[in-house]
Amino acid sequence: MTIFAATVVDTPGDPFTGDPAAALAEDGALLVRDGVIRARGSLAELRAARPGEPVTRLDGGLLLPGFVDTHVHFPQIRAIGGLGLPLLDWLEQCALPEESKLADRAYARAVAAEFLDGLVAAGTTSALVFGSHFAPAMEELFAAAAQRGLNITSGLVLSDRKLPPDLLHSPETALADSADLILRWHDRGRLRYAVTPRFSLSTSDEMLDACAQLLGKGVWFTSHINENLAEVATVAGLFPGARHYLDTYCRHGLVTPRSVFAHNVHPGDAELTLLAEHGASVAHCPTSNSALGSGLFPLRRHVEHGIHVALGSDVGAGSGLFLPKEALQAYFVQQLLGPAGMSLTPAHLLYLATRAGALAIGLEDRVGDLAVGKDFDAVWLRPAAGSTLAVNLRHARDTSDALARIFALATPADVAGVWVGGVRAESAASPAPR
């Protein structure tokens, strides 16, 4: 058992449904035993209740819940930075050639290690991961994630048309390979499986039927939707009987409370209504949408329809794994939308990067905030002495103002420590706590 003394900040409340200030919570210490938070309060209170317990001091900065990334591509960790291209061109020239390399299992093993270590170094402890088109590569990802103790939900990426031949499966092969991976990895420790058709553009009705058969095994579902206008038009041509893009999934029973759809930059009102009715979530990926010129995400319309929204880094189209940067870009996007946008406070940004993601992927009873009974998944952001962030934190008026400065200025270099299930992660480049 250990008492962690720190400025503990989280959002146990929902700033989108009430007073954002009321959604924010702050305390001075956490008592952790066997990787679970057992008590929370002031340092004096916890020491008085447990006078013999050791104290780990995390002085300076803020201790936040581990970040939750709801859309990130593990095979693309080496493909970040392909600027100046719209989605379909970027896929053809940057993403798909890199993804084909994961047919080599040794290559996939190296990429998986780089990807997972990158998540931890960025303070991300839970993620819904878009996987590989190759089953052996998925074995490497799951094995490496299990070794690190991360909350990873992922699955074999399925396509049967309009991609390079080496990235295609038949529906029968997709069903068999996915079922085998589910049997081996779903609900093993902190790992879970997500049925993952790449997008309707590359999946036929027969493949989507296979996906529906896999959902009966109690797994999750994720794919892309309404990311780019050219993509939306192409999907409409491939499914002439569909009412809209979402209908290509909905008519196969793939829109459920366990479904997370990435992007949704260009939704119709009918699609928003259906997403809300079925309890599906949306992963907002603002740096990717900006880099690819996909558009400005209509957050207000999603919130007004009652759709749950969280953040995704969308690496490699996104510009990095650090979710506070995604939160800042989400703020910028809403500012640019003017009256059509939403005014986001620091509490909104923290919620989007933590608890919102846990809710989207069904982990809210375990992570997403630092409440008693939750796993101790946490990130300690402490800037270097004399840095611009350190100067700003020293002059912050209150917790909300400190968070604003964190989101405006923090980088992965400010990640001073990461804990996963109560264990300090070795890949977080940080000094030992004092």
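Since this is a predicted model, take the numbers as computed values, not measurements.

### Thoughts on the overall build of the protein chain
Here is step 1 of the chain: What the protein chain contains, in helices and strands, is 17 helices and 17 strands.
Here is step 2 of the chain: For the protein chain, the C-alpha radius of gyration of 21 Å lies close to 22 Å, the compact-globule estimate for 434 residues.
Here is step 3 of the chain: Projected onto the principal axes, the alpha-carbon positions of the protein chain cover approximately 65 × 50 × 35 Å.
Here is step 4 of the chain: When each of the 434 residues of the protein chain is scored for burial, the buried share is 58%.
Here is step 5 of the chain: Considering only residue pairs separated by 6 or more positions, the protein chain has 74% of its internal contacts joining residues 24 or more positions apart.
Here is step 6 of the chain: When the accessible surface of the protein chain is summed, it comes to about 15,400 Å², and 53% of that surface belongs to carbon and sulfur atoms.
Here is step 7 of the chain: Between the mean site of the 34 positive side-chain charges and the mean site of the 46 negative ones, the protein chain shows a separation of 6 Å.

### Focus on the layout of surface pockets
Here is step 1 of the chain: Taken as a whole, the largest pocket holds about 200 Å³ of empty space.
Here is step 2 of the chain: Along its surface, the largest pocket is lined by 11 residues, and Gln147, Arg148, Arg424, Ala425 and Glu426 are the ones closest to its centre.
Here is step 3 of the chain: Considering only residue class, the lining of the largest pocket consists of five nonpolar, two polar and four charged.
Here is step 4 of the chain: Its boundaries defined by the atoms lining it, the second largest pocket holds a volume of some 150 Å³.
Here is step 5 of the chain: Forming the walls of the second largest pocket are Asp14, Phe16, Thr17, Val303, Gly306, Ile307, His308, Val309, Tyr351 and Leu352.

### A short note on the packing of aromatic side chains
Here is step 1 of the chain: Using the criterion set out here, one finds 13 aromatic pairs in the structure.
Here is step 2 of the chain: Connected via pairs of aromatic rings, a cluster forms that spans Phe221, Tyr245, Tyr249 and Phe261.
Here is step 3 of the chain: One Lys or Arg, arginine 78, reaches over the ring of tyrosine 107 and ends 4.6 Å from the middle of that ring.

### What to know about the packing of helix α6 (residues 171-185) against helix α7 (residues 205-215)
Here is step 1 of the chain: Packing of α6 against α7 leaves a shortest axis separation of 9 Å and a crossing angle of 25°. One way to sum up the angle between α6 and α7 is to call them roughly parallel. Every pair of crossing elements has a handedness; the one defined by α6 and α7 is right-handed. Facing Pro171, Ala174, Leu175, Ser178, Ala179 and Ile182 of α6, the residues of α7 in contact are Glu206, Met207, Ala210, Gln213 and Leu214.

### Description of empty space enclosed by the protein
Here is step 1 of the chain: Going through the model one piece at a time under the given rule, you end up with two cavities of 30 Å³ or more.
Here is step 2 of the chain: Looking at the largest cavity, its volume works out to about 100 Å³.
Here is step 3 of the chain: Lining the largest cavity we find 13 residues, and of these His73, Leu87, Leu91, His224 and Glu227 sit closest to its centre.
Here is step 4 of the chain: The leading source of residues in the lining of the largest cavity is helix α3 (residues 87-100), at three residues.

### Notes on the environment of glycine 60
Here is step 1 of the chain: One can find glycine 60 in the loop between β4 (55-57) and β5 (62-65).
Here is step 2 of the chain: A C-alpha to C-alpha distance of 9.1 Å links glycine 60 and tryptophan 380, two positions 320 residues apart in sequence.
Here is step 3 of the chain: Among residues more than four places away in sequence, those in contact with glycine 60 are Trp380, Leu381 and Arg382.

### Concerning the nonpolar core
Here is step 1 of the chain: One finds Leu64, Phe74, Phe115, Leu116, Ile152, Tyr249 and Phe261 to be the most contacted residues of the largest nonpolar core, which totals 109 residues.
Here is step 2 of the chain: The biggest single contributor to this core is helix α4 (residues 105-121), with eight residues.
Here is step 3 of the chain: Contacts of phenylalanine 115, omitting those with residues within four sequence positions, involve Val72, His73, Phe74, Ile77, Val129, Leu141 and Leu321.
Here is step 4 of the chain: Val8, Leu63, Leu370 and Trp380 belong to the second largest nonpolar core, which has 14 residues in total.

### Concerning the pairing of strand β1 (residues 2-10)
Here is step 1 of the chain: Summarising burial for β1: seven of the nine residues are buried, a large majority.
Here is step 2 of the chain: Of the strand pairs in this sheet, β1 and strand β2 (residues 25-33) are connected by seven bridges, and their pairing is antiparallel. Across the sheet, the residue bridging to valine 8 is aspartate 27, located in β2.
Here is step 3 of the chain: One ladder, built from three bridges, connects β1 with β4; its direction is parallel. If you follow alanine 5 over to β4, its bridge partner there is arginine 57.

### Quick notes on unusual backbone geometry
Negative phi values dominate among residues other than glycine, just as trans dominates among peptide bonds.
Here is step 1 of the chain: Cis geometry marks the peptide bond from valine 315 to glycine 316, where omega comes out at 10°.
Here is step 2 of the chain: Its location among the elements puts glycine 316 in the loop between β14 (308-311) and α13 (323-336).
Here is step 3 of the chain: The residue aspartate 34 is not glycine, and still its phi comes out positive at about 55°.
Here is step 4 of the chain: Turning to its location among the elements, aspartate 34 is positioned in the loop between β2 and β3 (36-41).
Here is step 5 of the chain: A residue is classified by how much of its surface remains accessible, and aspartate 34, at 69% relative accessible area, is exposed.
Here is step 6 of the chain: One non-glycine residue, asparagine 264, lies in the positive phi region at around 50°.

### A closer look at the side chain of glutamate 99
Here is step 1 of the chain: Here glutamate 99 shows up in helix α3.
Here is step 2 of the chain: On the basis of relative accessible area, glutamate 99 is assigned to the buried category, the value being 2%.
Here is step 3 of the chain: Contact partners of glutamate 99, with chain neighbours within four places excluded, come to His73, Pro75, Gln76, His133, Phe134, Leu167 and Arg198.

### Here we look at the pairing of strand β7 (residues 124-130)
Here is step 1 of the chain: Judged by how many residues are buried, β7 sits mostly within the fold: seven of seven residues are covered.
Here is step 2 of the chain: Examined bridge by bridge, strand β6 (residues 67-73) and β7 share five bridges and lie parallel to one another. Within the sheet, the bridge partner assigned to aspartate 69 lies in β7 and is alanine 127.
Here is step 3 of the chain: At this point the chain moves from β7, through helix α5 (residues 135-148), to the parallel strand β8 (residues 151-155), and the crossover so formed is right-handed.

### Details of the pattern of salt bridges
Here is step 1 of the chain: Evaluation of the coordinates by the stated rule reveals 21 salt bridges.
Here is step 2 of the chain: Aspartate 117 is paired through a salt bridge with arginine 148; the nearest N and O atoms lie 2.9 Å apart. In this pair, aspartate 117 sits in helix α4 while arginine 148 sits in helix α5, placing the two residues 31 residues apart along the sequence.
Here is step 3 of the chain: With a relative accessible area of 25%, arginine 148 lands in the partly exposed category.
Here is step 4 of the chain: Measuring nitrogen to oxygen at the nearest pair gives 2.9 Å for the salt bridge that ties arginine 301 to aspartate 269. Pair noted here: arginine 301 is in helix α12 (residues 299-304) and aspartate 269 is in helix α10 (residues 269-278), with a separation of 32 residues, a long-range link.
Here is step 5 of the chain: We classify aspartate 269 as partly exposed; its relative accessible area is 46%.
Here is step 6 of the chain: Look at the salt bridges and you will find they share partners, linking Arg190, Arg366, Asp375 and Asp377 into a network.

About the thresholds
Residues numbered from 1 in each chain as written. Predicted model: local features only at pLDDT ≥ 70, side-chain atom pairs only at ≥ 80, totals over all residues. Heavy atoms only, no water. Helix = DSSP H or I, 4+ residues; strand = E, 2+ residues; numbered from the N terminus. Rg over C-alpha atoms; globule rule 2.2 N^0.38 Å. Buried < 20%, exposed > 50% of the residue type's maximum accessible area, 1.4 Å probe, protein only. Contact = heavy atoms within 4.5 Å. Areas by Shrake-Rupley, 256 points an atom, 1.4 Å probe, with all protein chains shown as cover. Lys, Arg positive; Asp, Glu negative; His and termini not counted. Charge placed at Lys NZ, Arg CZ, Asp CG, Glu CD. 1 Å grid on protein atoms, 1.4 Å probe; cavity = no way out; pocket = protein on both sides within 12 Å on 5 of 7 lines; lining within 4 Å. Points joined across faces, edges and corners; volume = space filled by probe spheres on them. Nonpolar A, V, L, I, M, F, W, Y, C, P; charged D, E, K, R; others polar. Phe/Tyr/Trp six-rings, centres within 6.5 Å; stacked < 30°, edge-to-face > 60°. Lys NZ or Arg CZ within 6 Å of the ring centre and 35° of its normal. Axes fitted to C-alpha atoms, helices over the stretch in contact; angles between N-to-C directions. Parallel < 35°, antiparallel > 145°, perpendicular 65-115°, else oblique. Left-handed = near helix turned anticlockwise from the far one by under 90°. Core = buried A, V, L, I, M, F, W, Y, C linked by side-chain atoms within 4.5 Å. Pairing = 2+ DSSP bridges. Right-handed = clockwise from strand over helix to strand, strands pointing away. Salt bridge = Lys/Arg side-chain N within 4 Å of Asp/Glu carboxyl O.

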